[in-house]
Amino acid sequence: MQDSRKRNVNKNISEKNSVGENVSERKNNDISSSKNNNLSLRVISRSVVIFSLLIIVYFSSNDDKTKPFAKQSEILTGKGQVIECSSDYLKELDKYEGCFPKQCKRFVSDKVISEREADELLTIAKKGLQLGGSSGGASILDLHSGALSMGEHFINIYKIAAAKNTFSENDFNIYRVVKEKVKYAVAHHFGVNPNKIYLTHPTFFSEITSKKSVTVHDEYWHPHVDKETYKSFHYTTLLYLGDYNKDFKGGRFVFVDENVNKTVEPRKARLSMFTSGSENLHYVEKVTSGVRYAVTISFTCDKQHAIENPSTDKYKN
Ligand SMILES: O=C(O)CCC(=O)C(=O)O
Ligand SMILES: [Fe+2]
């Protein structure tokens, strides 16, 4: 009897012990699982930090190669960057008195042309361009020569019956006023005599879409020097008629520089001007959606390459 009670007591003790062991085992398990949880939290949070750092490094290293010079979101009274003139450019300009720039540079201003003037020019551009259209992504309209992209070629807008009297005297007046303002801005900012710079060929409207290119005329994205592409150019100006990232995506203008390229984001009525030598190598990024409108207005120091203002006389011959 006593023996069996002893056995029961022992049994109880050993059960109690095993319960105690279970509790401490569970405690140990809990501690080690919370340790595991802490460890995996730490691993996750460290991975997130490392991943974020990698993203920041990636994007800032991209920024190192291309920096915005003129952002669409800012309204610039005037922003310039002086650069060393290329020797070929200087040598050529030597023979034109009063046309030598004080400094070679690029200069962007949103205050030379009003938004209203830009809108009026846009209406004129669309009126003409809708009568043609390149089969690739880039179309032009030159109001001086009448050249309008049509399929893979050009037609003379002043010579086709369907386009007769498309442009009014008022249209040509607006065009002339804008051109004069741009000419005086160039003269002022480059320190040259306004009577010694002349509008030159080609001066034209451009319309760029994301359509695939068909001919070389559609390939606007190659880096080039205007002085080499268009021999008579000495001062290039670009007037933008629409907004980057609103009217179209892609299509930023890029100055190709030694270390860091500089972008000009088109903005309605934004005027960009620069000396046309190899100090201002540039290209336009591909337009990925929407339609980009601009006017290339060019000036020469060589009177022999001057062009006339267009007028309704163009319809007379
Ligand atoms: O439209 C632009 O922003 C630049 C065009 C250009 O480079 C050119 O017409 O030579
Ligand atoms: Fe160009």
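In what follows, the accompanying structure is described. This one's a predicted model, so the numbers in the text were calculated from it and none came from an experiment.

**Here's the deal with the overall build of the chain**
Here comes step 1: Of regular secondary structure, the chain possesses five helices and 16 strands.
Here comes step 2: Classification of the 317 residues of the chain by burial places 43% in the buried group.
Here comes step 3: A separation of at least 24 residues holds for 80% of the contacts in the chain among residues at least 6 apart in sequence.
Here comes step 4: A total accessible area of about 17,600 Å² is found for the chain, and carbon and sulfur atoms account for 53% of it.

**Examining the packing of aromatic side chains**
Here comes step 1: Tallying each qualifying case throughout the model produces nine aromatic pairs.
Here comes step 2: Measuring from ring centre to ring centre gives 6.1 Å for Phe 167 and Phe 172, while their planes differ by 65 degrees; the resulting arrangement is edge-to-face.
Here comes step 3: Looking at Phe 167, the relative accessible area reads 2%, which means it is buried.
Here comes step 4: A relative accessible area of 0% places Phe 172 in the buried class.
Here comes step 5: An aromatic cluster of at least three residues, connected via ring pairs, comprises Phe 253, Phe 255 and Phe 274.
Here comes step 6: A cation over an aromatic ring shows up here: Lys 79 above the ring of Phe 69, its NZ or CZ 4.9 Å from the ring centre.
Here comes step 7: Positioned over the ring face of Phe 255 is Arg 106, at 4.1 Å from the centre of the ring.

**Some points on the side chain of Glu 117**
Here comes step 1: One can find Glu 117 in helix α3 (residues 115-129).
Here comes step 2: Given the relative accessible area of 13%, Glu 117 is considered buried.
Here comes step 3: Look past the residues within four positions of Glu 117 in its chain and what remains in contact with it is Val 177, Val 178 and Lys 181.

Procedures and definitions
- Counting restarts for each chain, with residues numbered from 1 along the sequence as it is written.
- Going through the entries in the order they are written, you letter the chains from A and number the ligands from 1.
- Whole-chain, interface and lining totals are the exception, using all residues; otherwise, since this is a predicted model, local features are given only for residues with pLDDT of at least 70 and side-chain atom pairs are given and counted only at 80 or more.
- In computing side-chain properties, one takes all heavy atoms of the structure into account and sets aside hydrogens as well as water.
- Where helices and strands are cited, they refer to DSSP runs of H or I of at least four residues and of E of at least two residues respectively, numbered from the N terminus.
- To sort residues, take the accessible area from a 1.4 Å probe on protein chains only and compare it with the maximum for the residue type: under 20% means buried, over 50% means exposed, and anything in between is partly exposed.
- Two residues form a contact once any of their heavy atoms are found within 4.5 Å.
- Under the convention used here, a 1.4 Å probe and the Shrake-Rupley method define accessible areas, while residue burial counts only the protein chains that appear.
- Stacked, tilted and edge-to-face are the three classes applied to pairs of Phe, Tyr and Trp rings, where Trp contributes its six-membered ring and a pair requires centres within 6.5 Å; stacked means planes under 30 degrees apart, edge-to-face means over 60, and tilted covers the rest.
- Note on criteria: charge over ring means Lys NZ or Arg CZ within 6 Å of the ring centre, with the direction from the centre no more than 35 degrees off the ring normal.

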